[in-house]
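One-letter residues, chain by chain:
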Amino acid sequence: MTRHFLKDDDLTPAEQSELLRLAADMKDDRHGFDSLNHQGRLRSVAVVFEKPSTRTRMSFQIGIAELGGHPVLLDAQSSQLGRGESIADTARVLSRYVDAIVIRTFGDDRIAELAEHATVPVVNALTDGWHPCQLLADLQTIAEHRKESLHTLRGTDIAFVGDAAFNMGNSTVIACSMAGMHVRIGAPAGYQPAREVLERAAEINAETGGSVTVTDDPVKAVTGADVVSTDVWASMGVENREHRITDLTAYRLDAELLGHAAEDAIVLHCLPAHRGEEITDDVIDGPQSRVFDQAENRLHAQKALLAWMIGGGHR
Ligand code: CP
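None of these values were measured; they are calculated from a predicted model.

**Q** Lay out the sheet that holds strand β6 (residues 182-186) with the relevant residues and their values.
**A** Strand pairing in a sheet takes place through backbone hydrogen bonds and is either antiparallel or parallel in direction. With respect to topology, five strands assemble into an open sheet ordered β7-β6-β5-β8-β9, the strand pairing being parallel. At either end of the open sheet lies a strand with only one pairing partner, and these are β7 (211-215) and β9 (266-269). On average, each strand axis in the sheet is tilted by 20° relative to the strand beside it, whichever way the strands run. Alignment of β6 against β7, held across five bridges, turns out to be parallel. Its bridge partner being in β7, Val183 is matched across the sheet by Val212. Those strands touched by helix α5 (residues 132-146) are β5 (157-161), β8 (227-230) and β9, and its axis lies near 165° from that of β9.

**Q** Just give me the short version of the site of the ligand, but keep the residues and values in it.
**A** Inspection of the region around the ligand gives Ser53, Thr54, Arg55, Thr56, Arg104, His131, Gln134, Cys270, Leu271 and Arg298 as its neighbouring residues. At 2.7 Å from an oxygen atom of the ligand is found a side-chain nitrogen or oxygen belonging to Thr56. Within the side chain of Gln134, a nitrogen or oxygen atom sits 3.0 Å from a nitrogen atom of the ligand. Coverage of the ligand by the protein chains reaches 96% of its 250 Å² of free accessible surface. Looking at the shell around the ligand, its residues break down into two nonpolar, five polar and three charged.

**Q** Break down the packing of helix α6 (residues 167-178) against helix α7 (residues 195-208) for me, citing the residues and quoting the values.
**A** Where α6 meets α7, the closest approach of the two axes is 8 Å, and the angle between their N-to-C directions is 15°. The angle between the axes of α6 and α7 places the two elements in the roughly parallel class. In terms of crossing hand, the pair formed by α6 and α7 is left-handed. Across the interface between the two elements, Asn170, Val173, Ile174, Ser177 and Met178 from α6 touch Val197, Leu198, Arg200, Ala201, Ile204, Asn205 and Thr208 from α7. Of the residues in the contact of α6 with α7, the class split is seven nonpolar, four polar and one charged.

Reading the values: the criteria
Residues numbered from 1 in each chain as written. Predicted model: local features only at pLDDT ≥ 70, side-chain atom pairs only at ≥ 80, totals over all residues. Heavy atoms only, no water. Pairing = 2+ DSSP bridges. Helix = DSSP H or I, 4+ residues; strand = E, 2+ residues; numbered from the N terminus. Axes fitted to C-alpha atoms, helices over the stretch in contact; angles between N-to-C directions. Contact = heavy atoms within 4.5 Å. Near = heavy atom within 4 Å. Polar contact = N/O pair within 3.5 Å; in protein donor to acceptor, adjacent residues only side chain to side chain. Areas by Shrake-Rupley, 256 points an atom, 1.4 Å probe, with all protein chains shown as cover. Nonpolar A, V, L, I, M, F, W, Y, C, P; charged D, E, K, R; others polar. Parallel < 35°, antiparallel > 145°, perpendicular 65-115°, else oblique. Left-handed = near helix turned anticlockwise from the far one by under 90°.

Listed below in structure tokens is the structure:
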């Protein structure tokens with residue numbers, strides 16, 4: 001059966017850990033892997049965007065090329081997808097050409113339909129519900145900071161403040177639970193993860209020893225945390241921007257809020273940031289920020305993912 005990576009727990013915790021180790025190896029030896037052209041067998045990967053992107057677009061294209069593979073970019077606006085060709089027919093056709101399909105789209109029903117009709121692996125490059133590739137990069141960044149074995153992600157406290165009801169909040173809850181971390185969500189009512197996400201996290205945490213707590217008190221969420229993460233307050237396609245700013249102002253990651261975290265805590269933001277809104281300049285540009293390491297790690301983590309999913313050998 002074809003395996004897809006549509007959400008974080010499409011990997012097992014052991015597979016997540018294995019993949020992060022490979023990502024670290026690939027970062028240490030950036031040009032030493034030919035996994036997508038192993039023994040002359042060229043892999044092509046379709047990279048499809050129905051929403052804007054800078055990091056994901058660049059890191060997938062460059063990463064596939066660095067592994068010896070062939071990235072093929074497809075934009076909704078310049079393809080028949082933008083003129084209403086069905087996602088099912090698109091999946092059937094692309095599967096005849098490429099070895100994997102990476103897609104950024106809107107609803108999770110859309111990527112699920114693509115995966116149902118594709119005969120090659122499908123990778124989620126961001127949907128409304130999940131951003132699992134981002135979380136692989138986030139975990140790699142946290143592991144680098146801990147400077148120990150990837151297994152020591154286990155027990156690390158991460159606070160996520162702001163809008164936790166969308167893709168980044170959901171993926172943080174699930175991916176960090178898989179790594180055995182303790183997740184503290186600081187978000188007001190209406191911006192907290194859905195019950196089914198928290199129930200799934202509880203199942204995972206029974207196996208990994210992690211935990212998730214949810215509070216509407218941002219200081220309580222951040223106090224003593226090893227990692228503090230946030231995301232924009234109005235993600236792509238989300239309406240009511242002014243209303244959301246009013247609701248979330250108390251959750252802005254500024255120096256005062258960060259001051260409650262552990263002394264050596266690091267700051268993550270998946271970018272792009274609305275500086276001055278969910279995060280202040282002094283924090284994102286400050287000594288505790290790891291946001292540009294985090295952005296770089298998209299490259300290494302996604303190379304590891306594709307090598308693991310469709311690659312041959314690892315060198
Ligand atoms: N973090 C992230 O997905 O960035 P882009 O939207 O630029 O791809």
